Protein chains: 2
Amino acid sequence: MKSTIPDTGVPIALPAANGGDRQEASLHGEILLRLRDYVVEGNIPDGARVPERQLCEMFGISRTPLREALKVLAAEGLIELLPNRGARVRQLSQRDLEELFDVMAGLESLAGRLACEAITDAEITAIEQLHYEMYGHYLHRDMHGYFQINQRIHESIVAAARNETLKAAYANFAGRIRRVRYSANFARKRQRWAEAMREHEAILDALRRRAASELSDILFQHLRNKRTAAIEHLTEPQADAPASP
Amino acid sequence: MKSTIPDTGVPIALPAANGGDRQEASLHGEILLRLRDYVVEGNIPDGARVPERQLCEMFGISRTPLREALKVLAAEGLIELLPNRGARVRQLSQRDLEELFDVMAGLESLAGRLACEAITDAEITAIEQLHYEMYGHYLHRDMHGYFQINQRIHESIVAAARNETLKAAYANFAGRIRRVRYSANFARKRQRWAEAMREHEAILDALRRRAASELSDILFQHLRNKRTAAIEHLTEPQADAPASP
DNA sequence: AGTACAAAAAATGAATGCAAAATAGCCCCC
DNA sequence: GGGGGCTATTTTGCATTCATTTTTTGTACT
């Protein structure tokens, strides 16, 4: 027996039929959003093949729109297509990660530069608020809260750049990296954490003064340091993570 | 008479069946490459709808792989998909262009920064060669030759960054802009041209000294100025271009 | 003549069908 | 017991088909 969709005609909605309120007119578009999330959230292990038929059943659609979505995700770099062998979740090498971090650094660096031209006092105030909130998390050693706010600060800077193209590119690369769950403890080292806080102070300072070049430099360095920490964490995970299965 | 494929069964190869020696195992991949070129080269007017059926006949394939390619091109930002209304070549607003130029500026700025870390003396020498060659074109007022070399210099810097991810992103954005044929005369103004040459001198100088931050700044400014020139050209094309038809 | 409506034609979006390739079983042999 | 070659099943890639929607064409009416 072929386990197909039950004949109720109602598509089963496994991973949240509509994550939020976004909606796409086309089936292809909706599937693309859902499948992207599905992959980014790590529901398929690194390097594993993407089960076409299974996903079709999960989403309750035929293979055509799913395959279209797969091509797009491949173009985005999330998965890769092997000829006659279907799609696999793209496994990022250490080199890939370094490259991605550097590109992210470049984009944020650019965002900072542009933000200096366009940011309002109100936006700066809002970022300051976030900064102090983050500082609180830092003092309480609350990594999770810290990262949450940290991300919002960086997103605020990107938003202040007033460049939708940049924002989209940033989101794309962020998605590729997100699969790597480095955030949980890449900054374990107390020293790096303190350093990051100091860098954030400098970022705020440069932003207040609208010092474009300076901010650009600081942001790049900040992300560069993040990269180093992340890579170090990946290469010596024995510290606190269980050995690979 | 509708120009369809003759019944020989052999697909007609309109825009070069295989542009160069690249080859994709899948039909989808090949169509993607060919169609992207077709669009980037401006074979379909701005904002015009992408004739699905006609392209299928042109490439000698069915709609499935073509539609897959269309989805990818839409994700890349070259075309846009209107629900139930097919694909249109994306018309870039002035704002879009400004954004694209800024992102390109950011990417080149990043490329310069990274290049300072990795570039070899031989590569710098090669760029110097190109620079002098370009200077020759400048002296002879040979715009076409100038731009040719100019592009190669910028590509060399990107290549020297040793970051394939960056290179791919750069190529993508460059493709989006290429549709806008600004290059032919955006630098008409003698003064801007001279300025650009001076900027290139500064770029080379910073590169020789491997002054990352400085090069990053110069490259950003250089591209920013290019952007300004391009936009100015677009908003007042009466200078030398015939009035819009 | 110009406009409103209606039917026909064409297109789009998605599902299904089909041949080729890859994977998994299976048996035989060593 | 393990490896090699064969067949059967699944999977993949693309073509084709089908239901809608949009666009065009034709016609009548003001």
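Residues numbered from 1 in each chain as written. Chains lettered and ligands numbered in written order. Predicted model: local features only at pLDDT ≥ 70, side-chain atom pairs only at ≥ 80, totals over all residues.

Student: Summarise the overall build of chain A; cite the residues concerned and give the values.
Tutor: A tally of helices and strands in chain A yields 9 helices and 2 strands. Put simply, chain A runs from its N terminus to its C terminus through helices and strands in the order α-α-α-β-β-α-α-α-α-α-α. Across the 245 residues in chain A, those meeting the buried criterion constitute 36%. Considering only residue pairs separated by 6 or more positions, chain A has 69% of its internal contacts joining residues 24 or more positions apart. (Helix = DSSP H or I, 4+ residues; strand = E, 2+ residues; numbered from the N terminus. Buried ≥ 20, exposed ≤ 12 C-beta atoms within 10 Å, placed from the backbone. Contact = placed C-beta atoms within 7 Å.)

Student: So what's going on with the domain arrangement of chain A? Which residues, and what values?
Tutor: Each assigned domain of chain A is listed here: domain 1 (1-91) and domain 2 (94-239). Grouping the amino acids of the side of domain 1 of chain A that touches domain 2 of chain A by side-chain chemistry returns 2 nonpolar, 2 polar and 1 charged. (Domains from an automatic or database assignment. Nonpolar A, V, L, I, M, F, W, Y, C, P; charged D, E, K, R; others polar.)

Student: So what's going on with the relation of the copies chain A and chain B? Which residues, and what values?
Tutor: Under the fitted operation, chain A is carried onto chain B by 0.0 Å of movement along the axis and a turn of 180°, and the coordinates agree to an RMSD of 0.0 Å. What the superposition gives is, in effect, a two-fold axis relating one chain to the other. An overlap of 100% is found between the interface residues of chain A and their copies at the interface of chain B, pointing to a shared contact surface. (Least-squares fit on C-alpha atoms with pLDDT ≥ 70 in both.)

Student: A description of helix H6 (residues 143-160) of chain B should follow, citing residues and the corresponding values.
Tutor: Residue and element names in this part refer to chain B. Compared with the 26 Å implied by 1.5 Å per residue over 18 residues, the 26 Å span of H6 between its first and last C-alpha is a close match. Taken together, the buried positions of H6 are Tyr146, Ile149, Asn150, Ile153, His154, Ser156, Ile157, Val158 and Ala160. In this fold, the buried residues of H6 make contact with helix H4 (94-118), helix H5 (121-139) and helix H7 (164-178). Arginine 162 sits one or two residues past H6 and shows a positive phi near 55°. (Expected span 1.5 Å × (residues − 1).)

Student: How would you explain the protein's contact with DNA strand D if you had to name every residue and give the values?
Tutor: Looking at DNA strand D, there are 20 residues lining it, with Glu52 and Gly86 of chain A together with Leu27, Ser62 and Thr64 of chain B nearest. Breaking the surface near DNA strand D down by element, the ones donating at least two residues are helix H2 (52-59) and helix H3 (63-76) of chain A together with helix H1 (27-40) and helix H3 (63-76) of chain B. Tallying contributions element by element places H3 of chain B first for the surface near DNA strand D, with 3 residues. Per-class residue counts for the surface near DNA strand D are 5 nonpolar, 8 polar and 7 charged. (Near = placed C-beta within 6 Å.)

Student: For the pairing of strand S2 (residues 86-89) of chain A, give the residues involved together with the corresponding values.
Tutor: Within a regular strand, the side chains alternate between the two sheet faces. Of the pairings in the sheet, the one linking strand S1 (residues 79-82) of chain A to S2 of chain A comprises 4 bridges and is antiparallel in character. Bridged to leucine 82 of chain A within S2 of chain A is glycine 86 of chain A. (Pairing = 2+ DSSP bridges.)

Student: Which residues make up the protein's contact with DNA strand C, and what values go with them?
Tutor: In the vicinity of DNA strand C lie 17 residues, with Leu27, Ser62 and Thr64 of chain A together with Glu52 and Gly86 of chain B positioned nearest. The set of elements that each furnish at least two residues to the surface near DNA strand C consists of helix H1 (27-40) and H3 of chain A together with helix H2 (52-59) of chain B. A per-element tally of the surface near DNA strand C places H3 of chain A first, with 3 residues. Class assignment of the residues belonging to the surface near DNA strand C gives a composition of 5 nonpolar, 8 polar and 4 charged.

Student: Give a description of the packing of helix H5 (residues 121-139) of chain A against helix H6 (residues 143-160) of chain A that names residues and reports values.
Tutor: Residue and element names in this part refer to chain A. As a packed pair, H5 and H6 sit with axes 8 Å apart at the nearest point and diverge in direction by 165°. With respect to each other, H5 and H6 are oriented roughly antiparallel. Judged by the twist between their axes, the crossing of H5 over H6 is left-handed. Residue-level inspection shows Glu123, Ala126, Ile127, Leu130, His131, Glu133, Met134, His137 and Tyr138 of H5 in contact with H6, the latter providing Gly145, Tyr146, Ile149, Asn150, Arg152, Ile153, Ser156 and Ala160. Its residues assigned to classes, the contact of H5 with H6 shows 9 nonpolar, 5 polar and 3 charged. (Axes fitted to C-alpha atoms, helices over the stretch in contact; angles between N-to-C directions. Parallel < 35°, antiparallel > 145°, perpendicular 65-115°, else oblique. Left-handed = near helix turned anticlockwise from the far one by under 90°.)

Student: Residues and numbers for the interface of chain A and chain B, please.
Tutor: With 29 residues of chain A at the interface, the matching set in chain B holds 29 residues. Within the residue set of the side of chain A that touches chain B, elements represented by two or more residues are H3, helix H4 (94-118), helix H7 (164-178) and helix H9 (212-235) of chain A. Examining the composition of the side of chain A that touches chain B, we find that 10 residues originate from one element, H4 of chain A, more than from any other. For the side of chain A that touches chain B, a count of residues per class yields 12 nonpolar, 8 polar and 9 charged.

Student: Residues and numbers for the confidence of the model for chain A, please.
Tutor: Do not read the predicted coordinates in detail wherever pLDDT is low. All names here are of chain A. For chain A, per-residue confidence averages 86 on the pLDDT scale, and residues scoring 70 or more make up 83% of the total. Contacts from residues 1-21, a stretch scored under 50 in pLDDT, to residues over four places away or in other chains number 14 contacts. The model gives residues 239-245 a pLDDT under 50, and that stretch makes 2 contacts with residues more than four places away or in other chains. At the level of chain-chain contacts, confidence expressed as ipTM amounts to 0.86, with global pTM at 0.86. (pLDDT = per-residue confidence, 0-100.)

Student: Go over the environment of serine 109 of chain B with me, naming the residues and quoting the values.
Tutor: Along the chain, serine 109 of chain B turns up in helix H4. In this structure serine 109 of chain B comes out as buried when scored by C-beta crowding, with 27 C-beta atoms within 10 Å. Taking the C-alpha atoms as reference points, serine 109 of chain B and leucine 223 of chain B, separated by 114 residues in sequence, lie 8.8 Å from one another. Not counting residues up to four positions away in its chain, the partners in contact with serine 109 of chain B are Leu110 of chain A together with Ser216, Leu219 and Phe220 of chain B.

Student: Go over the environment of isoleucine 203 of chain A with me, naming the residues and quoting the values.
Tutor: All names here are of chain A. Relative to the helices and strands, isoleucine 203 resides in helix H8 (residues 190-208). A sequence separation of 159 residues divides isoleucine 203 from isoleucine 44, and the C-alpha atoms of the two residues are 37 Å apart. When sequence neighbours within four positions are dropped, the list of residues in contact with isoleucine 203 reads Leu215, Ile218, Leu219 and His222.

Student: Summarise H4 of chain A; cite the residues concerned and give the values.
Tutor: Its 25 residues place the ends of H4 of chain A 36 Å apart at the C-alpha level, agreeing with the 36 Å of an ideal helix rising 1.5 Å per residue. Taking burial as the measure, the 25 residues of H4 of chain A include 18 buried ones, the bulk of the element.

Student: Provide a residue-level description of unusual backbone geometry, including the pertinent values.
Tutor: Residues and elements named next belong to chain A. Of note, the phi angle at arginine 141 is positive, near 60°, even though the residue is not glycine. One can find arginine 141 in the loop between H5 and H6. For arginine 141, a count of 10 C-beta atoms within 10 Å puts it in the exposed group.

Student: Requested: an account of the packing of helix H8 (residues 190-208) of chain B against helix H9 (residues 212-235) of chain B, with residues and values cited.
Tutor: Residue and element names in this part refer to chain B. Running from amino to carboxyl end, H8 crosses H9 at an angle of 160°, the nearest separation of the two axes being 9 Å. One way to sum up the angle between H8 and H9 is to call them roughly antiparallel. Judged by the sense of rotation from one axis to the other, the crossing of H8 with H9 is left-handed. Within the contact between the two elements, H8 uses Arg192, Glu195, Glu199, Ala202, Ile203, Ala206 and Leu207 and H9 uses Glu214, Leu215, Ile218, Leu219, His222, Asn225 and Ala229.

Student: Describe the environment of glutamate 68 of chain B, with residues and values.
Tutor: With respect to the helices and strands, glutamate 68 of chain B occurs in helix H3. Sequence-wise, glutamate 68 of chain B and leucine 107 of chain B are 39 residues apart; in three dimensions their C-alpha atoms are separated by 28 Å.

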